[in-house]
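Take a look at the letters that make up each chain.
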Amino acid sequence: MDLYFCGSNMLITKLNSESMKNSGLKVGDLITEVNGVSMSEICKKKNNYSMLANPENNFFDGAYASFDTDSVCYTILRKGRQIKVHIPDYVEWNNINDLNEATERSYDVCVLNRCVNEKEARILLKKIRAYTLFLLDDVDVDQWTTWICTSRRARVLDIRTLQEFIDKDIQLFYSYTYGEKYDPHSLSISQNFKGSVFWNGFNGVELEGDYGDDYYQVAYWRGNIPVFQGQTINFWLEYEKDDSVSIQLKIEQFQSGSLSSLQNRWIFTEEDLSSTVYVTNNNMDGPVFVSLLAKGKGKLKIVGLHDRHSRKSYGEFLPGGVRMVSSKREEVFLYFDPGDMKPPLNVYFSGYKTQEGFEGFNMMRKMGAPFLLVAESRLEGGAFYLGDDEYEKFITTGIQDCLNQLGFDRSQLILSGLSMGTFGALYNGCKLLPHAIIIGKPLASLGDIAVNERISRPGGFPTSLDVLVKNCGDMSEKSMSKDTRKNVILLHIAVMCFSCSGVIGQYVQVPAVQVAMGRVICSSLLLLAISLVCKDKLTP
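Residues numbered from 1 in each chain as written. Predicted model: local features only at pLDDT ≥ 70, side-chain atom pairs only at ≥ 80, totals over all residues. Heavy atoms only, no water.

Turning next to the environment of V325. With respect to the element layout, V325 can be found in strand β21 (residues 322–325). Setting aside chain neighbours within four positions, we find V325 in contact with W236, E330, E331 and F394. (Helix = DSSP H or I, 4+ residues; strand = E, 2+ residues; numbered from the N terminus. Contact = heavy atoms within 4.5 Å.)

The structure is reproduced here in structure tokens:
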């Protein structure tokens, strides 16, 4: 870059290279310091051994200046305000004034320092994810800037804290997502525990007995997970216990390649465990070992332990991801992207999968329309979105809240899913009565799936047995038939009603409101008729 002496400072007159253009600096900025050293001192030092400065014309060619660090910190004056811009070496920074030159497929973070027009707002809509746009507080917003900020759920960033954001938080906006549940087969019970132990599949292990008067190890997970330097990992423990039992979660980290060099230890109390706990590794890379401590007498049920790459306060799995927890410590996750804020709202239920997180993000985002992702991580790969009233209400109220934010009604709602997600779409469709339900590879007859696990396809989908036990209490034939009667018949009726009324509405070309009302009436009449004809069979 070309610099011009202004007293003891340097004025940027030209940015020669692409790296300089992408550095965040602008022509007209007045550089006062670099890496904490004044520009006058730098020029004197450099001029001792290189022809970088010409005192006669006050010109300095900064493109040839070299510094000993991997990243450079500039202190500049812009519009009368002093700004420090330090770009770490792990951040690829692109400073683009003409958004038509934004050639990257997508950006993890966007800091907006001016207003945008409609064309530029449309470009940003495609280039950046929701909740990753930050608007500097000195920008006077106009119509389209307000529109893109609303669509991308932008946050206002104080220009004085921009450097702090870059140094501490920008690393939390990584492009991938990762979460998992510790394999229950890796859970071991301490040999010192002399009470009773009952293993109940992926529903957990139940302990009962005397754990001692002080905290002692009662269980531990054999599978250690790596935590790299500078990385933060979230942990969430699912458990149930008597009030007479107290627990603590202990996490220990060893140096990589060592069996005895302990470098970190964290102990979390029950009060800490009421929310997600996280560990940050500021030392060397190394695996963590997790164990559960307990004291007192009574019952303790260990359901599962989850570990997830953390974004701290910026969201679960994805920036903006919302986590809701029931009184039974059961989780459901929602991610809302307003898109172009035009109907319909597309809701997608994640299918069965052992790696935790949202499913279908890229697929739904490519549509450009508002969408909501729903995911859960109970049992091995999901519990089909079934639970108590509190848990199921999280989903329906979450969908309704998104509709309210957009100003939509239920006739502008579409539910969809694959595999396990089809059950979530159908089950909640019966409650919400959307415009349409789109499903693939439907799994609706949970009772039949469990029945077939024993003879027809042993080992094919054992999670179906866990789902049955979780919702009905056991694996008896009565529970299997009850589960099927409770859910499947109603779901098949819902599919038939929605399909018929949707086709009729399309050909007759009646308003959407009337189609929705017709669906409600048809569903009610068919349910009434079946309940009268099959009264005995439908009674548990």
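Having seen it, we continue.
Turning our attention to the pairing of strand β14 (residues 196–199). By the bridge criterion, four bridges tie β14 to strand β15 (residues 205–227) in an arrangement that is antiparallel. Within β15, the residue paired with F198 across the bridge is E206. Where β14 folds back onto β15 in an antiparallel hairpin, the turn is made up of five residues, including G201, whose phi is positive at roughly 60°. (Pairing = 2+ DSSP bridges.)

Counting residues in hydrophobic clusters, the biggest one holds 47 residues, and the most contacted among them are Y335, L345, V347, F349, L372, V374 and I399. If you list the elements that add at least two residues to this core, you get β22 (331–337), β23 (345–349), α6 (361–366), β24 (371–375), α7 (389–406), β25 (413–418), α8 (420–432) and α9 (446–454). The dominant element in this core, judged by the number of residues it contributes, is α7, at seven residues. Other than its neighbours up to four places away in sequence, L345 contacts F336, P370, F371, L372, I399, C402, L403, L406, F408, Q412, L413 and I414. (Core = buried A, V, L, I, M, F, W, Y, C linked by side-chain atoms within 4.5 Å. Buried < 20%, exposed > 50% of the residue type's maximum accessible area, 1.4 Å probe, protein only.)

Peptide bonds are mostly trans, and most non-glycine residues show a negative phi. A cis amide bond links P343 to the next residue, P344, at an omega of 5°. Along the chain, P344 turns up in the loop between β22 and β23. A positive phi angle, close to 60°, is found at Y385, a residue other than glycine. The phi dihedral of S419 falls on the positive side, at around 55°, and the residue is not glycine. For S419, the position within the fold is in the loop between β25 and α8.

Here we take up helix α10 (residues 463–472). Along α10, the residues classified as buried are T463, S464, D466, V467, L468 and V469. Downstream of α10 by one or two residues, G473 has phi in the positive range, about 95°.

Let us look at the sheet that holds strand β9 (residues 110–112). The strands that make up a sheet pair up through hydrogen bonds in the backbone, lying either parallel or antiparallel. Read from one edge to the other, the open sheet built from three strands follows the order β9-β10-β11, with strand pairing classed as parallel. The strands lining the two open edges of the sheet, one partner per strand, are β9 and β11 (155–157). With direction set aside, neighbouring strand axes in the sheet form an average angle of 35°. Judged from the three bridges that link them, β9 and strand β10 (residues 133–136) form a sheet pairing that is parallel. Its bridge partner being in β10, C110 is matched across the sheet by L133. (Axes fitted to C-alpha atoms, helices over the stretch in contact; angles between N-to-C directions.)

Another point: the confidence of the model for the protein chain. Of all residues in the protein chain, 73% attain a pLDDT of 70 or more, and the chain-wide mean is 82. Note on residues 46–70: pLDDT under 50 across the span, and 39 contacts to partners over four residues away in sequence or across chains. Below pLDDT 50 for its whole length, residues 535–540 participates in nine contacts with residues either more than four positions away or in separate chains. (pLDDT = per-residue confidence, 0-100.)

Below, the discussion takes up the pattern of salt bridges. This structure, assessed with the given rule, holds 18 salt bridges. Taking the shortest distance from any N to any O, the salt bridge between E118 and R122 comes out at 3.9 Å. You can see E118 and its partner R122 sitting in helix α3 (residues 118–127), four residues apart, about one turn around the helix. A relative accessible area of 39% means that E118 is categorised as partly exposed. (Salt bridge = Lys/Arg side-chain N within 4 Å of Asp/Glu carboxyl O.)

A separate point is the sheet that holds β23. Pairing in this open sheet of six strands is mixed, and the strands run β21-β22-β24-β23-β25-β26 from one edge to the other. Of all the strands in the sheet, the pair left with one neighbour each is β21 and β26 (436–440). Averaged over all pairs of adjacent strands, the angle between strand axes in this sheet comes to 20°, irrespective of strand direction. Where β21 lies against β22, four bridges are found, and the strand directions are antiparallel. By the bridge assignment, V325 is partnered in β22 with E331. Across the face of the sheet, α7 comes into contact with β21, β22, β23, β24 and β25 while running at roughly 10° to β22. Along the sheet face, α8 touches β23, β25 and β26 and points at about 155° away from the line of β25.

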